[in-house]
Amino acid sequence: MAVRLFEDKEHAALYRKYRISPSEELIGKVLQFHKSNKDSSNNLAVDVGCGSGQGTLLLGPHFTHVVGTDISPAQLEMARKHVNVPNVSYRESPAEELPFEDGSVDLVTTMSAFHWFDHSRFLQEAHRVLKPHGCLALLNYTMDMELSYGDCSETLNHICNEFYAALQPFRNPYLGPSSLELYKKTYDSLQYPVKEWHENFWVRKTTPLSGYIGMVESFSAFQALLKKDPEEARRLSQDIEKRLLCAMDVTSSETEVIMGIKYFYCLACKPAKD
């Protein structure tokens, strides 16, 4: 990986507890694309930068073998604690040095991780391990999630946008100004004739307000602020939570809200011949 984050045990636990995984519908879009390509097979899927394994498990029912890879031992320890199916396993590996033979993988996914990799080296490595007609799926979501609750959703999202704006100065420089732009640029540069780009796929889920706060706290920008100024990070998070509760006219952070997450993704099929 070009950037190594999310590696201590405390952050790995936070990541596992609060980070969302793609919806079944979104995974279905990936599988539909994979199956639509000639001579595709479902023997081996590899989820690169798998973190604590939430997305990896979603591939289990659809492939004979699924392997999640990550550079972080703490993340992999968390993933292994929660694996409950025999065909899903995990291996420690950089994204740019995958431990698989040439032309051996049917599907390579990376769910909210590609932006941390050495982009060109990872793409070369994915190309190497993919079978002819194998598929590559790069998924991510924007940080500006939306909340819905009663008739105060507009107010909630105004407060949420202030939260994101306060964290923007702590965005890792490696990410550049926009992850969406990086993924779109990657899509445009891929020399695969069969490919798709989607940038407005909404996933909505019900979660306690505390789950929303916890998810934002798991972001690298919040963790950077926490490392620099723990007191300010806690003050910011508590102030945002208090204001959201006030706007909702409730007192419990376990009150459920609907959280909307906007995904964008790139799908591409490796040609039969290079």
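Note that the structure is a prediction, hence the values are computed from the model and not measured.

(A) Structural context of the nonpolar core. The biggest cluster of nonpolar side chains holds 55 residues, and the ones touching the most others in it are Met145, Leu147, Phe163, Tyr212 and Leu244. For this core, the leading source of residues is strand E8 (residues 256–269), giving seven residues. Setting aside residues up to four positions removed in sequence, Leu147 forms contacts with Ser153, Leu156, Asn157, Cys160, Leu209, Tyr212, Leu244, Val257, Ile258 and Met259. Counting 28 residues, the second-largest nonpolar core is a separate cluster that includes Ala95, Ala113, Leu130 and Ala268.

(B) A look at the pattern of salt bridges. Per the stated rule, a full pass over the model turns up eight salt bridges. Among the ionic pairs, Asp188 bridges to Lys184, the shortest N-O distance being 2.9 Å. In this pair, Asp188 and Lys184 both sit in helix H7 (residues 179–189), four residues apart, roughly one turn of the helix. For Asp188, a relative accessible area of 45% gives the class partly exposed. By relative accessible area, which is 27% here, Lys184 ends up partly exposed. Bridged by salt links that share partners, the residues Asp102, Glu125 and Arg128 form one connected network.

Each value, and the rule that gives it
- Residue indices follow the written sequence of each chain, beginning from 1 at its first position.
- At least 70 in pLDDT is required for a residue's local features to be given in this predicted model, at least 80 for side-chain atom pairs to be given and counted, and no such filter applies to totals for whole chains, interfaces and linings, which use all residues.
- Only hydrogens and water are set aside; all other atoms, that is, all heavy atoms of the structure, feed into the side-chain values.
- Side-chain atoms within 4.5 Å are what join buried Ala, Val, Leu, Ile, Met, Phe, Trp, Tyr and Cys residues into a set we call a nonpolar core.
- Think of it in three bands: with a 1.4 Å probe and only protein chains considered, a residue is buried below 20% of the maximum accessible area for its type, exposed above 50%, and partly exposed in between.
- For helices the rule is a DSSP run of H or I covering at least 4 residues; for strands it is a run of E covering at least 2, with both sets numbered from the N terminus onward.
- Two residues qualify as a contact provided that any one of their heavy atoms is within 4.5 Å of a heavy atom in the partner residue.
- Every case where a carboxyl oxygen of Asp or Glu lies within 4 Å of a side-chain nitrogen of Lys or Arg is listed as a salt bridge.

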